[in-house]
Amino acid sequence: KINFLPQSLINFLVRTVIGRMWEKFLSVAEDVKAGKRPRHAEAIAAKRESLYDWVEQRVESLFEKHRSNHGGGATSGVTCTSSGAVNTKNEERTVENSKEYLSYIQC
């Protein structure tokens, strides 16, 4: 518990500020995917090997751990290109992964 900040400020930060930041992050990600932010796409491509590949490996590791604990099956049908674009091998599998992720974070 944080005693040096008023509870109302903590509530504002958690409920409003973090929510708006997340909304902006998603907006930027959608713009990158749509090709509206080429400089962001270039930065992602430049950091792909040192950052984004690592993040993808960690997420896949979490999925594998979750699958092994809950009897799951195959690996993700989602891949990312070096430009940061997302390719789906199978739309149903993508939806399944989304549901799997939601069940994972709700545990």
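Residues numbered from 1 in each chain as written. Predicted model: local features only at pLDDT ≥ 70, side-chain atom pairs only at ≥ 80, totals over all residues. Heavy atoms only, no water.

Participant: In this structure, what is going on with the overall build of the protein chain? I would like to understand it.
Facilitator: Helix and strand counts for the protein chain stand at three helices and two strands. Counting the 107 residues in the protein chain, one finds 16% classified as buried. In the protein chain, of all internal contacts separated by at least 6 residues, the share reaching a separation of at least 24 is 34%. Here the protein chain displays about 8,500 Å² of accessible surface, and carbon together with sulfur accounts for 57% of that area. (Helix = DSSP H or I, 4+ residues; strand = E, 2+ residues; numbered from the N terminus. Buried < 20%, exposed > 50% of the residue type's maximum accessible area, 1.4 Å probe, protein only. Contact = heavy atoms within 4.5 Å. Areas by Shrake-Rupley, 256 points an atom, 1.4 Å probe, with all protein chains shown as cover.)

Participant: How do you make sense of the side chain of Asp-31 when you look at a structure like this?
Facilitator: Of note, Asp-31 is situated in helix 1 (residues 7–34). In this structure Asp-31 touches Lys-36 and Arg-37, once residues within four positions along its chain are discounted.

Participant: Mind showing me how you'd approach the side chain of Arg-67 here?
Facilitator: Note on placement: Arg-67 falls in helix 2 (residues 38–70). Looking at Arg-67, its side chain comes within polar contact range of the side chain of Glu-64, at 2.6 Å. (Polar contact = N/O pair within 3.5 Å; in protein donor to acceptor, adjacent residues only side chain to side chain.)

Participant: I keep staring at helix 1 and nothing clicks. Help me out?
Facilitator: The periodicity of an α-helix, 3.6 residues per turn, causes residues three or four places apart in sequence to face the same way. Look at helix 1: 40 Å from first C-alpha to last across 28 residues, which is about the 40 Å you get at 1.5 Å a residue. A maximum bend of about 30° is found in helix 1 at Leu-13. All buried positions along helix 1 are accounted for by Ile-10, Val-28, Asp-31 and Val-32. Against helix 2 lie the buried residues of helix 1. Count one or two residues on from helix 1 and you reach Gly-35, which has phi positive near 85°. (Expected span 1.5 Å × (residues − 1). Bend = angle between axes of the 7 residues up to and from the residue.)

Participant: I tried to follow the pattern of salt bridges on my own but got confused; where do I start?
Facilitator: If charged atoms from side chains of opposite charge come close, those side chains can pair. All chains considered together, the criterion is met by five salt bridges. Where Arg-48 meets Glu-56, a salt bridge forms, and the shortest distance between an N and an O atom there is 3.1 Å. Through salt bridges with shared partners, a single ionic network connects Arg-48, Asp-53 and Glu-56. (Salt bridge = Lys/Arg side-chain N within 4 Å of Asp/Glu carboxyl O.)

Participant: I would appreciate a short explanation of a nonpolar patch on the surface in the present structure.
Facilitator: A cluster of nonpolar side chains, Leu-9, Phe-12, Leu-13, Val-14 and Ile-18, forms an exposed patch at the surface whose accessible area comes to about 420 Å². Examined against the element boundaries, Leu-13 turns out to sit in helix 1. (Patch = residues over 30% accessible without salt bridge, like charges linked within 9 Å, V, L, I, M, F, W, Y side chains within 5 Å.)

Participant: Could you clarify how one ought to interpret helix 2 in this entry?
Facilitator: Taking 1.5 Å as the rise per residue, helix 2 with 33 residues should run 48 Å; its terminal C-alpha atoms sit only 40 Å apart, a clear shortfall. Along helix 2, the sharpest kink reaches roughly 90°, centred on Arg-48. Here helix 2 has its buried residues at Ala-41, Ile-44, Arg-48, Phe-63, His-66 and Arg-67. Remark: Gly-71 follows helix 2 within two positions and exhibits a positive phi of approximately 70°.

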